[in-house]
There are 2 protein chains.
Amino acid sequence: MSTGATVSARGPGRRPGSPDTRAAILAAARELFAHRGFSGTTVRAIAGQAGVDPALVHHYFGTKNDLFVAALELPVDPRQVLAPILAQGADGAGERLLRAFLSVWEDPDARLALLGVVRGFLEPDGHRLLTEGFLPTVLVPAGVALGIDEPERRMPLVASQIIGLIMTRYVVEVPAIVAMSADDVVATYAPLVQHFLTDPLP
Amino acid sequence: MSTGATVSARGPGRRPGSPDTRAAILAAARELFAHRGFSGTTVRAIAGQAGVDPALVHHYFGTKNDLFVAALELPVDPRQVLAPILAQGADGAGERLLRAFLSVWEDPDARLALLGVVRGFLEPDGHRLLTEGFLPTVLVPAGVALGIDEPERRMPLVASQIIGLIMTRYVVEVPAIVAMSADDVVATYAPLVQHFLTDPLP
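Residues numbered from 1 in each chain as written. Chains lettered and ligands numbered in written order. Predicted model: local features only at pLDDT ≥ 70, side-chain atom pairs only at ≥ 80, totals over all residues. Heavy atoms only, no water.

### Quick notes on the UniProt feature "domain: HTH tetR-type" (unreviewed entry) in chain A
UniProt's entry tags residues 19-79 of chain A with the feature "domain: HTH tetR-type" (unreviewed entry), counted in the numbering of this structure. Helix makes up 72% of residues 19-79 of chain A and strand 0%, with an end-to-end C-alpha separation of 25 Å. (UniProt positions renumbered as here; feature names shortened; annotations may be inferred. Helix = DSSP H or I, 4+ residues; strand = E, 2+ residues; numbered from the N terminus.)

### Concerning helix H5 (residues 78-87) of chain B
Residues and elements named next belong to chain B. Along H5, the positions that sit buried rather than exposed are Pro78, Leu82, Ile85 and Leu86. Summarising the axial view, the buried residues of H5 lie within an arc of 95 degrees, below the 170-degree limit, and thus occupy one face. In this structure, H5 carries Gln80 and Ala87 as exposed residues pointing more than 90 degrees from its buried face. Those residues of H5 that are buried lie in contact with helix H4 (64-71), helix H6 (93-105) and helix H8 (127-146). Capping of H5 at its N-terminal end is provided by Asp77; its side-chain oxygen lies 2.8 Å from the backbone amide nitrogen of Arg79. (Buried < 20%, exposed > 50% of the residue type's maximum accessible area, 1.4 Å probe, protein only. Arc of directions from axis to C-beta. Contact = heavy atoms within 4.5 Å. Polar contact = N/O pair within 3.5 Å; in protein donor to acceptor, adjacent residues only side chain to side chain.)

### Considerations on the interface of chain B and chain A
Contacts between the two partners involve 30 residues from chain B and, on the opposite side, 30 residues from chain A. Carbon and sulfur atoms supply 78% of the area buried between chain B and chain A, which totals about 2600 Å² over both sides. Among the residues chain B hides against chain A, the three largest losses belong to B:Leu122, B:Val172 and B:Leu192. Together they make up 20% of the total. Along the contact surface separating chain B from chain A lie 0 salt bridges. Across the contact surface, chain B and chain A share 3 residue pairs in polar contact (both at pLDDT 80 or more). Element by element, the count of residues in the side of chain B that touches chain A is highest for helix H9 (residues 151-171) of chain B, at 10 residues. Taken together, the residues that form the side of chain B that touches chain A break down as 19 nonpolar, 8 polar and 3 charged. (Buried area = accessible area lost by both parts, 1.4 Å probe. Salt bridge = Lys/Arg side-chain N within 4 Å of Asp/Glu carboxyl O. Nonpolar A, V, L, I, M, F, W, Y, C, P; charged D, E, K, R; others polar.)

### Description of the relation of the copies chain B and chain A
Mapping chain B onto chain A is achieved by rotating through 180 degrees and translating by 0.0 Å along the same axis, at an RMSD of 0.0 Å. Seen this way, the second copy is the image of the first under a two-fold rotation axis. Identified as the residue of chain B closest to the rotation axis by C-alpha distance is B:Gly164, at 1.8 Å. Take the interface residues of chain B: 100% of them recur as interface residues in chain A, which is what a same-surface contact looks like. (Least-squares fit on C-alpha atoms with pLDDT ≥ 70 in both.)

### Description of the UniProt feature "DNA-binding region" (unreviewed entry) in chain A
The UniProt entry lists residues 42-61 of chain A under the feature "DNA-binding region" (unreviewed entry), expressed in the numbering used here. Along residues 42-61 of chain A, the helical share is 80% and the strand share 0%, with 14 Å between the first and last C-alpha atoms.

### Remarks on the packing of aromatic side chains
Applying the stated rule across the entire model yields 12 aromatic pairs over all chains. Ring centres 6.4 Å apart and planes at 55 degrees place the aromatic pair A:Phe101 and A:Tyr170 in the tilted group. Highlighted residues: A:Phe101 in helix H6 (residues 93-105) and A:Tyr170 in helix H9 (residues 151-171), separated in sequence by 69 residues. Each member of the pair A:Phe101 and A:Tyr170 is classed as buried. Seen from their ring centres, B:Trp105 and B:Tyr170 are 4.7 Å apart, and the 20 degrees between their planes marks the pair as stacked. In this pair, B:Trp105 is assigned in helix H6 and B:Tyr170 in helix H9, connecting sequence segments 65 residues apart. (Phe/Tyr/Trp six-rings, centres within 6.5 Å; stacked < 30°, edge-to-face > 60°.)

Encoded structure:
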């Protein structure tokens, strides 16, 4: 929308309101989240690294959680995808979660972007984006919204299922897993995801 | 054992019987398996790249399957670990497989070596070591030895469970998964592995 705006010669990331500012904040956020984790990174530190006022960070990106999700540069905001699924409660949530997951991952453009995110998780310190960011800001709140017991225990187990599926279907591309239709994937994995969501655990 | 042997000046990987020869064969195998996959790599090509006679490859490493497992440089030969488990049949195999898996991965030295293998799988072309090597040479034969139906379909599903566990417990180190005792892991995941081994699938 603002690509036609005149850019001054003051250097990138220094001009309030310019696309450069937004990019500089995002770059600083990605670097700090990756190196210090979610909890070890403050909005103030991100603003400092980007050379802008902290108020501007909030103005552009909202809360630290919002900024974290933006820094992942996901093709979709997982919280928006999840909201209607969570609203229907825990019953059948395993199948609904998998269908929503596949609706994003089976889109070639989205998949390409997400594979970049996954590879980022696997870089040194990158895993903290998952453990200190995505898990507490997206996944555990999803479990809370579903009203399940022990969301801090159950959602990581669900994550292990989904990650196993991502690795075998999209990253390593195991032929037998790739060959499954989306409906096959849902029929095969939904009972297991549902098990971790709501069945008694040891 | 033979580290005290006199090494000639003919260059590495050229002298039959020397440790250099063995290392040169392994290096050639790793490179070719990674770039061309298991099926696209011949013992002859490996011998050619290492500058030795193909007979010497067989002399040192046995079959192409044996050489592939050696090229992974696993701290243990998975086929040796699996043999006694498979001999007991499919009933309860999920729990036995997980216990054997954990006995290796929970050992710090073995884990370090295995993490290197996992990261190798994630490199460009490295996934072929898994899809064209480990899966057909180790995992699917394990399913055949167990006597389960559709081993080509069930063992990749089992692999997706194990890979999800490896990623969350050892690579990304999701705190809730790391915090589980080995017994917790077995009690939590064994029913799911067993499900993929022997329950009716969609």
